Amino acid sequence: QVQLVESGGGLVQPGGSLRLSCAASGSIFSINDMAWYRQAPGKQRELVARITRGGSTNYADSVKARFTISRDNAKNTMYLQMNRLKPEDTAIYYCNAAIFTTAAYNVNSWGQGTQVTVSP
């Protein structure tokens, strides 16, 4: 069993910053790609940013130059630094990871989500 737990969401004013964390635990042998997704009310879930085990990253155009994804492989943890937040960034943010377990299974794991609200 593996588990992803997000933290760091909350209410912030436009122009403000938040830092999300995603901690993976359980029967983990290794973690490959990790990613942040988000889903706003009435919209489909969309990719925000992705990071490979080696640190290569890609971002949605809407967050480039404002958000930074990073990870600490030793801690099985991923982060999303969000700066210059806009009301349209309001959504539930989900952590996703491709995990190879100690039982030699590949698991595409999701966290439970953390709410980010950007409002005056």
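Look a little higher up for the structure.
In this text the structure is predicted, and so the values were computed from the model without any measurement.

1. Let's talk about the state of the cysteines
Note on terminology: a disulfide is the covalent bond linking the sulfur atoms of two cysteines. This model, assessed by the stated rule, comprises 1 disulfide. The residue that forms a disulfide with Cys 22 is Cys 95, at a sulfur-sulfur distance of 1.8 Å. Taking the sign of the torsion about the S-S bond as the criterion, the disulfide between Cys 22 and Cys 95, at about -65°, is left-handed. Placement of the pair is Cys 22 in strand S3 (residues 18-26) and Cys 95 in strand S9 (residues 91-101), with a sequence separation of 73 residues.

2. Some thoughts on the pattern of salt bridges
Across all of its chains, the model carries 4 salt bridges by this definition. A salt bridge links Glu 46 to Arg 38; the nearest nitrogen and oxygen atoms lie 2.7 Å apart. Accessibility expressed as a relative area gives 35% for Glu 46, which makes it partly exposed. Taking the shortest distance from any N to any O, the salt bridge between Arg 38 and Asp 89 comes out at 3.0 Å.

3. A word on the packing of aromatic side chains
Under the definition given, this model contains 2 aromatic pairs. Ring centres of Phe 29 and Phe 100 lie 5.9 Å apart, and the angle between their planes is 85°; this geometry places the pair in the edge-to-face category. Taken together, the residues Phe 29 in strand S4 (residues 28-39) and Phe 100 in strand S9 connect sequence positions 71 residues apart. In this structure Phe 100 comes out as partly exposed when scored by relative accessible area, which is 26%. The residue whose ring lies beneath Arg 19 is Tyr 79, and the NZ or CZ to ring-centre distance is 4.1 Å. Here the basic side chain of Arg 45 rests over the ring of Trp 110, its NZ or CZ set 4.7 Å away from the ring centre.

Basis of the calculations
Residues numbered from 1 in each chain as written. Predicted model: local features only at pLDDT ≥ 70, side-chain atom pairs only at ≥ 80, totals over all residues. Heavy atoms only, no water. Disulfide = S-S within 2.5 Å. Helix = DSSP H or I, 4+ residues; strand = E, 2+ residues; numbered from the N terminus. Salt bridge = Lys/Arg side-chain N within 4 Å of Asp/Glu carboxyl O. Buried < 20%, exposed > 50% of the residue type's maximum accessible area, 1.4 Å probe, protein only. Phe/Tyr/Trp six-rings, centres within 6.5 Å; stacked < 30°, edge-to-face > 60°. Lys NZ or Arg CZ within 6 Å of the ring centre and 35° of its normal.

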